[in-house]
Amino acid sequence: MLRHVTAGIDGSPESLAAAHWAAREAVRRSAALCLVHAWEWHPRPAPSVPADMSERALAEDLPERAADSVRAAHPDLRVIGQALADSPVSALLKAAGQAELLVLGSRGLGGVAGFLMGSVSQRVVARAPRPVVLVRAGASTTDEHFSAPDGISPDEIPGIPYRDVVLGLDTGRPCDELIEFAFDAAGRRGSSLRVIHTFSRPPDFAAADRIVPVSGPELRAEREHIMAAALHPWCEKFPEVTVTGTVTEGRAADELISASAGAALLVVGRRIRESRLGTHLGPVTHAALHHAPCPVAVVPHA
């Protein structure tokens, strides 16, 4: 089967940013790029459909135009455009199951200074069987690299070192899929990996019946030891990746959003679980998707 990265496109600026980010990721992975546009037939076409075109023709034209834009930037990349007659959520979930990675776009800042993620993206991120990356509108190659010196030409930017990859890690549930994705992402970029873990002290009444460290320094030392043990086998597997671990007392979402400023990629996890209300995102992942300024990779795990 052809190895590929998939981007969902709909003609919006944010989906075009996602397509170009996915193209760069496909190059890093030596994989092909698949651009997927989902469309549904309507008895009365929307006003945006030109009078001389059918809905199908317009739907098939959109991925081809996006593919032309990507090919102009990556002439050696194999790009495949697909128009799927299906609901967006269903089409993107099927595409995610067949790809190494699914990339979607998110709109600019909303009224509460958070990035807007549509209902389609939210449902896909919550249910996709493979990692999904959310890319901000306007994201570009420059954003992934450290600041370039004055006078450097655009084609020289890829030679500038990548910004760090940041991983949010819950040491109570360390999972191989999440940690491996973050190490692999840093390795492909030749960047450092920053691992963030947060903790809060248990209430006095909860600690009274258990033999656990109570003070902040003792808890931090314990969590640092657990983090080091969880990361050790991956440091051996990816010796080229420089890893720094930070253990702090506080709210995980706040620490990750702060750490993501100036990062190339933030990696967070999503537990694969069902509730009677269906699949959903945890509060930390939800906050990261809406407030982290860099692309966010959501990795499903058991």
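Residues numbered from 1 in each chain as written. Predicted model: local features only at pLDDT ≥ 70, side-chain atom pairs only at ≥ 80, totals over all residues. Heavy atoms only, no water.

**Observations regarding unusual backbone geometry**
To keep things clear, this is the line we draw: Each helix corresponds to a stretch of at least 4 residues labelled H or I by DSSP, and each strand to a stretch of at least 2 residues labelled E; elements are numbered beginning at the N terminus. In this scheme, a residue with accessible area under 20% of its type's maximum is buried, one over 50% is exposed, and one in between is partly exposed, where area comes from a 1.4 Å probe on protein chains only.
If you check the backbone angles, Ser-30 has positive phi at about 55 degrees while not being a glycine. Summarising the element assignment, Ser-30 is placed in the loop between α1 (13–29) and β2 (32–39). With a relative accessible area of 65%, Ser-30 lands in the exposed category.

**With respect to the nonpolar core**
Test applied: Only buried residues count toward a nonpolar core, which is a set of Ala, Val, Leu, Ile, Met, Phe, Trp, Tyr and Cys residues joined through side-chain atoms within 4.5 Å. What counts as a domain boundary in this text is fixed by an automatic or database domain assignment. Residue contacts are counted whenever heavy atoms from the two residues lie within 4.5 Å of one another.
Counting residues in each nonpolar core, the largest one holds 48 residues, and the members touching the most others are Leu-33, Leu-35, Val-103, Leu-193, Leu-265 and Val-267. In terms of domain composition, this core takes at least three residues from each of domain 1 (1–139) and domain 2 (157–301). When neighbours within four sequence positions are excluded, Val-267 is seen to be in contact with Val-165, Val-166, Leu-167, Gly-168, Leu-178, Phe-181, Ala-182, Ala-297 and Val-299. Membership of the second largest hydrophobic core comes to 27 residues, among which are Leu-102, Val-124, Val-166 and Val-296.

**Thoughts on helix α6 (residues 176–189)**
Selection rule: How far a helix is expected to stretch is found by multiplying one less than its residue total by 1.5 Å.
Taking 1.5 Å per residue as the helical rise, α6 with its 14 residues ought to reach 20 Å, and the 20 Å between its terminal C-alpha atoms agrees with that figure. Looking only at α6, the buried set comprises Leu-178, Ile-179, Phe-181, Ala-182, Phe-183, Ala-185, Ala-186 and Arg-189.

**Focus: the pairing of β2**
Rule in force here: By definition, two strands form a pair when at least two bridges between them are found by DSSP. By convention, a crossover is right-handed whenever its connection, traced from the first strand over the helix to the second and viewed with the strands pointing away, goes clockwise.
With 8 of 8 residues buried, β2 lies mostly within the body of the structure. On β2, burial covers both faces: Ala-32, Cys-34, Val-36 and Ala-38 on one face and Leu-33, Leu-35, His-37 and Trp-39 on the other are all buried. Pairing analysis gives 5 bridges linking strand β1 (residues 4–8) to β2, with the strands arranged parallel. What sits directly across from Ala-7, in β2, is Leu-35. Note on the crossover from β1 through α1 to β2: the handedness is right-handed. Pairing of β2 with strand β3 (residues 79–85) involves 7 bridges; the strand directions are parallel. Within the sheet, the bridge partner assigned to Val-36 lies in β3 and is Gln-82.

By themselves, these observations are geometric and do not establish any function.
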